[in-house]
Amino acid sequence: MSESSESTVSMDDFRVLVRLAGLPLDDEELGELLPLYQFLRDRVDMLHEADLPLGGQAMTFPADWSR
């Protein structure tokens with residue numbers, strides 16, 4: 001997966017997202033979470049880009065709460 005400047009989130013934008021979510025995080029915590037957020041956001045974007053036919057098979061993933 002290629003990293004492009006348009007797919008990255010600035011620290012200021014991430015700080016706003018976290019504030020809107022109501023999470024009281026300091027700058028150190030934001031710095032630790034930003035790479036994880038970007039990683040997951042890229043994967044969600046790939047899922048949204050998938051061109052799946054209507055009426056096709058559906059996939060579900062059961063939660064494994066025993067872990």
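First things first, this report covers the structure right here in the doc. (Residues numbered from 1 in each chain as written. Predicted model: local features only at pLDDT ≥ 70, side-chain atom pairs only at ≥ 80, totals over all residues. Heavy atoms only, no water.)

### Considerations on the nonpolar core
Here comes step 1: With five residues, the main nonpolar core is built from V9, F14, V18, L30 and L34.
Here comes step 2: Every element with two or more residues in this core is listed here: α1 (11-20) and α2 (27-49).
Here comes step 3: When residues no more than four places from it in sequence are discounted, the contact partners of V9 are F14, L34, Y37, Q38 and R41. (Core = buried A, V, L, I, M, F, W, Y, C linked by side-chain atoms within 4.5 Å. Buried < 20%, exposed > 50% of the residue type's maximum accessible area, 1.4 Å probe, protein only. Helix = DSSP H or I, 4+ residues; strand = E, 2+ residues; numbered from the N terminus. Contact = heavy atoms within 4.5 Å.)

### Some words on the pattern of salt bridges
Here comes step 1: Applying the stated criterion across every chain yields a total of two salt bridges.
Here comes step 2: Measuring nitrogen to oxygen at the nearest pair gives 3.0 Å for the salt bridge that ties D12 to R15. One end of the pair, D12, and the other, R15, are both in helix α1, three residues apart, so they sit about a helical turn from each other.
Here comes step 3: Residues R15 and D27 are paired through a salt bridge, measuring 3.0 Å at the closest nitrogen-oxygen approach. Of this pair, R15 sits in helix α1 while D27 sits in helix α2, placing them 12 residues apart in sequence.
Here comes step 4: Several salt bridges converge on common partners, so that one network encompasses D12, R15 and D27. (Salt bridge = Lys/Arg side-chain N within 4 Å of Asp/Glu carboxyl O.)

### Remarks on the environment of M11
Here comes step 1: Here M11 lies in helix α1.
Here comes step 2: Along the chain, M11 and D27 lie 16 residues apart, while their C-alpha atoms are 9.3 Å from each other.
Here comes step 3: Once residues lying within four places of it in the same chain are set aside, the contact partners of M11 are L30, G31 and L34.

### Considerations on the packing of aromatic side chains
Here comes step 1: Evaluation of the coordinates by the stated rule reveals one aromatic pair.
Here comes step 2: Residues F14 and Y37 carry aromatic rings whose centres are separated by 5.2 Å and whose planes lie at 40 degrees to one another, so their mutual orientation is tilted. One end of the pair, F14, is in helix α1; the other, Y37, is in helix α2, with 23 residues separating them in the sequence.
Here comes step 3: Given the relative accessible area of 30%, Y37 is considered partly exposed. (Phe/Tyr/Trp six-rings, centres within 6.5 Å; stacked < 30°, edge-to-face > 60°.)

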